[in-house]
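Overview (structure and organization)
The primary structure of each chain is shown beneath.
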Amino acid sequence: MSTISSSSSSSSSSSLSPSTSTPQTSHQHNLSQVLKFHNQTKHDFNRYARGPHGLDWANQPNPFRRYLSSPLLSLLHLQPTTQHHQQPLYHSLFLSPPSPHPISESTLSQFLYDSLALSAWKTTGFSTWSLRVNPSSGNLHPTEAYVIAPPIPSISDSPFVAHYAPKEHSLELRARIPSRFFPKFFPPNSFLIGLSSVFWREAWKYGERAFRYCNHDVGHAIGAVAMAAAGLGWDVKVLDSLGCEELKSLMGLHVFPEFEIPSRAVRGKIPEIEFEHPDCVMLVYPSGVGGFDMDWKELSEAILGFDELEWIGRPNSLSKEHVCWDIIYRTAEAVKKPLTLEDRFSVEPFQRSGVCGEGFYKGLTATEVVRKRRSAVDMDGVTRIERDAFYQILLHCLPSGCQVGGRQRRQLALPFRALPWDAEVHAALFVHRVEGLPKGLYFLVRNENHFDELKKAMLPDFLWTKPEGCPDELPLYELMRSDCRKVAKQLSCHQDIATDGCFSLGMLARMEPTLREKNVWMYPRLFWETGVLGQVLYLEAHAVGISATGIGCFFDDPVHQLLGLKGSTFQSLYHFTVGGPVLDKRIMSLPAYPGPDVDA
């Protein structure tokens, strides 16, 4: 095993044993680790974050995890043409959820088909690769998903844990769980979706910065799950009281050998690096269900008992050789969340989103939008959108929806209501080609309790005026009139795509105060929130007839300097661009199912 040279020192500790330090010193140690990671993985004009100097194609990780010898339970392949009349229109989901469907083989198949399944295959020359409904940085897909459900006729006659295999659109049965589990803890007609991350899949290409991208992808998956559930009249909420150990037991991730973190970045055969890090579990339940009492300690004990179940299947190997970027795994340890006890599972009433005009949408169903969404590779530099279409897109980006006299803060609207914390992410927008809106720098305040803090932290000569025609309920502000195309390109690692769209943006999170006030485990959750916001931008762009893509490569501190931000109070976590796509006619698209007879 060889060492990768490092310009920055790393801790020599490799122990994963529990710390004997006090909670206060432990919190400070973890916070220091997170801030170290965040600063060390920033890109700058003169230095990119550490990563591989080239792509080791021989060891590109397999994007499909399988549990060898697990029974494969095939799901239904539903035909959109026959389902169209039953499908809600995309834009209607933001106004009110349809009546809840029962859990069945058909509805669970539809739910996964519209959230985490393959959406197409692409081929050109000798290369063939798959696309998925949930987007991913570099199309590398570190996110794995698990279904924990009560008995479902034609799938399982007992409650079960299963891994979702998107290539086959099937469930791999991992374990059968006690029959009393769901009736004891959860409302009728509900089930759980767990998400985990294989850091190695992103680190293979992106090195140390991969931990950021994995958590973007968790957010995209949460958004995809919430939207697919809404189409079936279901609601979604992250069960964030549960801790990392509960999540590991719930998804059966204890089958992976314990990973000992090396003292520095190393290269070699490290099969244990292919473990899955437990991210979150979501309750999927019928819309309209109110909150309910929950004994989280009793639930924790029941879940930890899953370790004693008979778990079926062993995970496949993803690569022959690996590179371990140790700071990723040290930071993942620092942000692991413990069990936190509350009295109730709270459900806030659904809040509809604002409407500036529904005519911009193309009459597409929710399924058509989520399955035909694509990540643009290039923008045409010509396409323009109307001002009201721009406002409508941003109205769907608000966490609290349309509240008369209300302030944006609580996450009540689709799909943000899946997140159980107040909004912490805002957006600085570069407007390039919006008809009726001057080019310039704008700012969307998604938690209006932060307004004074933001205004004080940013440059004093910014305008902070509402643009013409902006809806009252949209907290969008013009900061500066200017042609920002050149600076947008520079800040996004000199990529043309940031300047050739209708608009681009940087998502800024209130970071260090949140980590101090709510604890360091909020660090990945801030990235999740940016991913959910990015998922809305993806879907909105497709629904109005254009396209979008996430931009993970940007120069962090130059973004902050442009806005006048100092310190770590507000940090840029994710960039995005929306505009008219350039289609590569050399690439042929094939149906997702049945796929080509190759591994990709």
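Residues numbered from 1 in each chain as written. Predicted model: local features only at pLDDT ≥ 70, side-chain atom pairs only at ≥ 80, totals over all residues. Heavy atoms only, no water.

The name an unreviewed UniProt entry assigns to the protein is Nitroreductase domain-containing protein, from the organism Flemingia macrophylla.

**Description of the packing of aromatic side chains**
Using the criterion set out here, one finds 37 aromatic pairs in the structure. Ring centres 5.5 Å apart and planes at 70° place the aromatic pair Phe-199 and Phe-211 in the edge-to-face group. Here Phe-199 is found in helix H5 (residues 199–206), whereas its partner Phe-211 is found in helix H6 (residues 210–230), with twelve residues between them in sequence. As far as the burial class goes, Phe-199 and Phe-211 line up, both buried. Relative to Phe-345, the ring of Tyr-285 lies with its centre 6.0 Å away and its plane at 85°, an arrangement referred to as edge-to-face. With a gap of 60 residues between them, Tyr-285 in strand E12 (residues 277–286) and Phe-345 in strand E16 (residues 344–345) connect regions that are remote in the sequence. Per residue, the accessibility class of Tyr-285 equals that of Phe-345, and both read buried. Following the ring pairs from residue to residue traces out a cluster consisting of Phe-37, Phe-199, Phe-211, Phe-259, Phe-275, Tyr-329, Tyr-523 and Phe-527. Lys-184 extends its terminal NZ or CZ atom over the ring of Phe-185, reaching a point 5.7 Å from the ring centre. Above the face of the Tyr-113 ring, Arg-371 is positioned so that its terminal group lies 3.7 Å from the ring centre. (Phe/Tyr/Trp six-rings, centres within 6.5 Å; stacked < 30°, edge-to-face > 60°. Helix = DSSP H or I, 4+ residues; strand = E, 2+ residues; numbered from the N terminus. Buried < 20%, exposed > 50% of the residue type's maximum accessible area, 1.4 Å probe, protein only. Lys NZ or Arg CZ within 6 Å of the ring centre and 35° of its normal.)

**Focus on empty space enclosed by the protein**
This model, assessed by the stated rule, comprises nine cavities of 30 Å³ or more. For the largest cavity, the calculated volume is near 120 Å³. Taken together, 16 residues line the largest cavity, and the ones lying closest to its centre are His-277, Pro-278, Asp-279, Val-335 and Arg-525. The set of elements that each furnish at least two residues to the lining of the largest cavity consists of H6, helix H7 (244–251), E12 and helix H15 (522–543). Split into classes, the residues belonging to the lining of the largest cavity amount to nine nonpolar, three polar and four charged. Each pocket or cavity is described by its volume, and for the second largest cavity that value is around 90 Å³. Around the second largest cavity, the lining is made up of 13 residues, and of these Ala-230, Trp-234, Asp-235, Leu-414 and Arg-417 lie nearest the centre. Of all the secondary-structure elements, those providing two or more residues to the lining of the second largest cavity are H6 and strand E10 (234–238). For the lining of the second largest cavity, the element with the most residues is E10, which contributes three residues. (1 Å grid on protein atoms, 1.4 Å probe; cavity = no way out; pocket = protein on both sides within 12 Å on 5 of 7 lines; lining within 4 Å. Points joined across faces, edges and corners; volume = space filled by probe spheres on them. Nonpolar A, V, L, I, M, F, W, Y, C, P; charged D, E, K, R; others polar.)

**Section: the sheet that holds strand E24 (residues 570–579)**
Pairing is antiparallel across the open sheet formed by six strands, whose spatial order is E21-E20-E18-E22-E24-E23. Every other strand in the sheet has two partners, leaving strand E21 (476–481) and strand E23 (547–551) as the edge strands with one partner each. Within this sheet the neighbouring strands show an average axis-to-axis angle of 25°, counted without direction. Note: strand E18 (residues 425–431) against strand E22 (residues 503–510), seven bridges, orientation antiparallel. Following the sheet pairing, Ala-427 is matched in E22 by Met-507. (Pairing = 2+ DSSP bridges. Axes fitted to C-alpha atoms, helices over the stretch in contact; angles between N-to-C directions.)

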